[in-house]
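# Per-entry structural report
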Amino acid sequence: MTATRPMVSPSQVVGPRVLGYLGRAMSHEMSAVQQYLTHAGLARLWGLDDVAEHFRREAAEEQEHAERLTNRMLQLGAMPNASQLTPVRAGPSLIELLEADRLLELRAVDLYREAAQYCAQINDAEDRALFHALHDEELSHAREIEAWLDRLRREYAQAWTR
């Protein structure tokens, strides 16, 4: 028989504002999983199998972020709850899907920057490190999407000028 550990009251371990950031982050990451899976399905319907696979990989990465957040919340004695899912943004073209994904990633960058700054102010090194790492990963995603959009826009512009 294994002994169960009592849950620690989150307020004894970390302030409510940090828990709020963790909850918002969880909702954001689960919303991102939902959006990327939707975009993967649309890309597959459009016959863009490589793009669909890319979106599925992005969904898996966002799910990994959610897992890291879940683990941290459990360490703090809080139950994860992604209760504020945002609606999926999509469109009738790959460019519109990517624009929606860029906005999604930029919202995450803003959230994680704010959370990391707050944690730095209250000397919460562990949560600051988590939010900072997620910030950097989401910023990298946003830059990759922007580069992809730039390539597509150049290709479309060249096609129209021929």
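Residues numbered from 1 in each chain as written. Predicted model: local features only at pLDDT ≥ 70, side-chain atom pairs only at ≥ 80, totals over all residues. Heavy atoms only, no water.

### Observations concerning a nonpolar patch on the surface
- A contiguous nonpolar surface patch, about 300 Å² in accessible area, is contributed by L45, W46 and L48.
- The exposure class of W46 is partly exposed, given its relative accessible area of 33%. (Patch = residues over 30% accessible without salt bridge, like charges linked within 9 Å, V, L, I, M, F, W, Y side chains within 5 Å. Areas by Shrake-Rupley, 256 points an atom, 1.4 Å probe, with all protein chains shown as cover. Salt bridge = Lys/Arg side-chain N within 4 Å of Asp/Glu carboxyl O. Buried < 20%, exposed > 50% of the residue type's maximum accessible area, 1.4 Å probe, protein only.)

### Considerations on the nonpolar core
- Formed by 22 residues in total, the largest nonpolar core has its most connected members in L22, L69, Y112 and F131.
- Residue assignment for this core shows that the elements contributing at least two residues are α2 (16–45), α3 (49–75), α4 (94–121) and α5 (125–160).
- A total of seven residues in this core trace back to one element, the largest contributor, which is α4.
- Here Y112 is in contact with A25, E29, L69, F131, L134, H135 and E138, once residues within four sequence places are set aside.
- Membership of the second largest hydrophobic core comes to 17 residues, among which are A43, V51, L97 and W148. (Core = buried A, V, L, I, M, F, W, Y, C linked by side-chain atoms within 4.5 Å. Helix = DSSP H or I, 4+ residues; strand = E, 2+ residues; numbered from the N terminus. Contact = heavy atoms within 4.5 Å.)

### What to know about the side chain of E29
- When you line up the elements, E29 lands in helix α2.
- In this structure E29 is buried but unpaired, with R68 as the nearest side chain of opposite charge at 8.1 Å.
- At 2.5 Å, the side chain of E29 forms a polar contact with the side chain of Y112. (Lys, Arg positive; Asp, Glu negative; His and termini not counted. Polar contact = N/O pair within 3.5 Å; in protein donor to acceptor, adjacent residues only side chain to side chain.)

### Here's the deal with α5
- Given a rise of 1.5 Å per residue, 36 residues ought to cover 52 Å, and the 52 Å separating the end C-alpha atoms of α5 matches this to within 8%.
- Where the residues of α5 are buried, they touch α2, α3 and α4. (Expected span 1.5 Å × (residues − 1).)

### Comments concerning the pattern of salt bridges
- Evaluated as defined, the whole model comprises twelve salt bridges.
- Between D49 and R44 there is a salt bridge; the shortest N-O distance is 3.3 Å.
- For D49, a relative accessible area of 40% corresponds to the partly exposed category.
- Measuring nitrogen to oxygen at the nearest pair gives 2.7 Å for the salt bridge that ties E53 to R56. Of the two residues, E53 and R56 are both situated in helix α3; the distance of three residues between them amounts to about one turn of the helix.
- Several salt bridges converge on common partners, so that one network encompasses E99, R102, E146 and R153.

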